[in-house]
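Descriptive structure summary
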Amino acid sequence: MKPTPTLPIIDPTPYLPTTTTPNTAHAGDRARTAKALHEACRDVGFFYLRVDNYLTKEELDEVLVLAREFFGRSKEEKEQIGLDETDRVRGYQRLHQNVTQGKADHHEGLDLYAPNPYPPREQPTTNGDGNEGRPLRPLEGPNLWPSKPEQFKPKMEQWIEKMKVLGMAVMRGMADGLGMSEVEGEGLRACVDESFWVMRVIGYPPLPQGADGISCGEHTDYGCLTLLHSDPTIPDSLQVLSTSGRWMTAFPVEGCIVVNIGSMWEYWTGGLYRATLHRVIHKSPKYRVSIPFFFEPNFDARVKLLDAARRKADEEGKGGEVKDLGEKVYGDYLLEKVGGNFKY
Ligand SMILES: N=C(N)NCCCC[C@H](N)C(=O)O
Ligand SMILES: O=C(O)CCC(=O)C(=O)O
Ligand SMILES: [Fe+2]
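Since the structure is predicted, the reported quantities are computational estimates derived from the model, not experimental observations.

Quick look at the sheet that holds strand β10 (residues 238-241)
Read from one edge of the open sheet, four strands run β8-β13-β10-β11, paired in antiparallel fashion. The open sheet terminates on both sides in strands that have one partner only, identified here as β8 (216-219) and β11 (247-249). Averaged over all pairs of adjacent strands, the angle between strand axes in this sheet comes to 20 degrees, irrespective of strand direction. Of the strand pairs in this sheet, β10 and β11 are connected by three bridges, and their pairing is antiparallel. Bridge pairing in β11 places Val 240 opposite Met 248.

Observations concerning the UniProt feature "domain: Fe2OG dioxygenase" (unreviewed entry) in the protein chain
Here the UniProt-annotated "domain: Fe2OG dioxygenase" (unreviewed entry) positions come out as residues 195-297. Secondary structure content for residues 195-297 is 7% helix and 40% strand, while the C-alpha to C-alpha distance between its ends is 5 Å.

A look at the site of ligand 1
For ligand 1, the full set of nearby residues is Val 99, Thr 100, His 219, Asp 221, Tyr 222, Phe 294 and Asn 341. Contact distances for ligand 1 include 2.8 Å between a nitrogen atom and a side-chain N or O atom of Thr 100. When ligand 1 is considered free in solution it has 370 Å² of accessible area, and contact with the protein chains removes 91% of it. Cavity membership is defined here by more than half of the atoms lying within 2 Å of grid points; on that basis ligand 1 lies in the largest pocket. A per-class count over the shell around ligand 1 returns three nonpolar, three polar and one charged.

A word on the nonpolar core
Counting 84 residues, the largest nonpolar core has Met 199, Leu 225, Trp 265 and Trp 268 as the members making the most contacts within it. With 12 residues, the single largest contributor to this core is helix α4 (residues 152-177). Each residue touching Trp 265, except ones within four places of it in the same chain, is listed here: Met 171, Met 174, Leu 178, Leu 188, Gly 223, Cys 224, Leu 225, Tyr 273 and Leu 306. The next biggest cluster of nonpolar side chains, apart from the first, holds 17 residues, and it includes Val 44, Tyr 48, Val 240 and Val 253.

Digging into the layout of surface pockets
If you add up the space inside the largest pocket, you get close to 660 Å³. If you go around the largest pocket, you meet 37 residues; those closest to its centre are Arg 200, Cys 216, His 219, Asp 221 and Tyr 222. For the lining of the largest pocket, the class distribution of residues is 17 nonpolar, 12 polar and eight charged.

A look at the coordination of the iron ion (ligand 3)
Six octahedral donors around a metal ideally make angles of 90 or 180 degrees; four tetrahedral donors ideally make 109.5 degrees. At the metal site, the iron ion (ligand 3) is ligated by His 219 (NE2), Asp 221 (OD) and His 278 (NE2), and these contacts range over 2.1 to 2.3 Å. Site description for the iron ion (ligand 3): donor spacing in sequence, H-x1-D-x56-H. A residue pair is termed long-range when its members are at least 10 positions apart, and Asp 221 in the loop between β8 and β9 (225-230) and His 278 in strand β13 (residues 278-280) qualify at 57 residues. One exposure class covers both Asp 221 and His 278, and it is buried.

Cut-offs used in this document
- Think of each chain on its own: its residues are numbered from 1, step by step along the sequence as written.
- Chains and ligands are labelled sequentially in the order written, the chains with letters from A and the ligands with numbers from 1.
- Where totals are concerned, whole chains, interfaces and linings use all residues; where local detail is concerned, this predicted model gives features only for residues with pLDDT of at least 70, and gives and counts side-chain atom pairs only at 80 or more.
- Side-chain measures here rest on the full set of heavy atoms in the structure, leaving out hydrogens and waters.
- Only strands joined by at least two bridges in the DSSP assignment are considered to pair.
- Elements are defined by DSSP. Helices are runs of H or I of four residues or more, strands are runs of E of two residues or more, and each kind is numbered from the N terminus.
- Note on geometry: axes are C-alpha line fits, over the in-contact stretch for helices, and angles between N-to-C directions span 0 to 180 degrees.
- UniProt positions are given in the numbering used here, feature names are shortened, and annotations may be inferred rather than shown by experiment.
- Nearness here has a simple test: a residue counts as near a molecule or strand if at least one of its heavy atoms is within 4 Å of that partner.
- What qualifies as a polar contact is a pair of N or O atoms within 3.5 Å, subject to a donor-acceptor requirement within protein and to the restriction that residues adjacent in sequence count only when both atoms come from side chains.
- Computed by Shrake-Rupley with a 1.4 Å probe, the accessible areas treat only the displayed protein chains as cover when residues are assessed.
- Using a 1 Å grid laid over the protein atoms alone, points where a 1.4 Å probe fits but cannot get out form a cavity; open sets with protein on both sides within 12 Å along at least 5 of 7 lines form a pocket; any residue with an atom within 4 Å of a point counts as lining.
- Cavity and pocket membership follows a simple rule, namely that a molecule belongs there if more than half of its atoms are within 2 Å of the grid points.
- Charged means Asp, Glu, Lys or Arg here, nonpolar means Ala, Val, Leu, Ile, Met, Phe, Trp, Tyr, Cys or Pro, and polar covers whatever is left, Gly included.
- Nonpolar cores are built from buried Ala, Val, Leu, Ile, Met, Phe, Trp, Tyr and Cys residues. Side-chain atoms within 4.5 Å join them into one set.
- The buried label applies to any residue whose accessible area, calculated with a 1.4 Å probe on protein chains only, is under 20% of its type's maximum; exposed applies above 50%, and partly exposed to all values in between.
- For this analysis, residues touch if any pair of their heavy atoms sits within 4.5 Å.
- Grid points are joined across faces, edges and corners, and a volume is the space filled by probe spheres set on the points.
- Donor atoms are limited to N, O and S found within 2.8 Å of the metal ion, a distance that becomes 3.2 Å for Na, K and Ca. With water left out, some sites might look partial.

Now the structure itself:
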């Protein structure tokens, strides 16, 4: 018998764009989704999002199959798109090249990012303004795509487009969940409308039996929303720290992805919403693949306490818990974090 899900299941459908504009979802349906999002973000920072209305079974399956095929290829082939020494973050990472809290993670991965985040005048040029030949900065390089399997790039690009729309829909729901006005909601959307997204394609060989080890060390995510699609046949790899201090398993639920919020939501809500610690311990014998899509703020977004978060906390008698954490520029925060992620 399948265990009962330990995290809430939320349906984003009332916030998803439809072919008829605007979305004619019943206000009551939206309110229900918005309330569920608020409670999940306040209480756990993790939830399941129903996506079987939005993505076909084929779409859900094929990206995982392609990821598995890519990791099944030879070391030499994968190393051809190995992390570039110049931009230092985009590309393939061999087993143990990822590091969390100073310890090597037992996974391999491919990291893809939104295009170059720097304004055009700061890009390397050849037009005589004195910048020729300067080395690429972190995050400035092109994505490194595998040429095989051939469908990898087009299908992953489709997935990215779908995840961007889904991320925006969840953000709309969260704005309503905080009781934001139309103008406030627009302000929040303006922070994410050019999302500097990240997508990781991760491969987890089983951990060696009888030895300590960790597939991905405990961490919180950096940005806004993590939309995680993972192999639904592997039950028990992702663990989430509950408020009672116990690790609980977030096993895959058919037709759902797992969503959690990142640190930027702590800045926006003064800690009313939490970026929850999680980790991966993958012991079962099947090679596991997962594809987290990080729907993040714009690279230059200034993230600071929202009036709506303070109002909402006061309304719920939690005003005392809200602490103004100051302002963070998302790109600065990301650069601080990614610097320590790899052994080159
Ligand atoms: N873009 C995000 N959130 N990536 C999460 C990666 C977490 C593990 C990483 N090695 C770390 O040390 O944080
Ligand atoms: O593979 C997973 O289940 C989670 C991966 C993760 O937490 C991350 O990459 O930030
Ligand atoms: Fe994570």
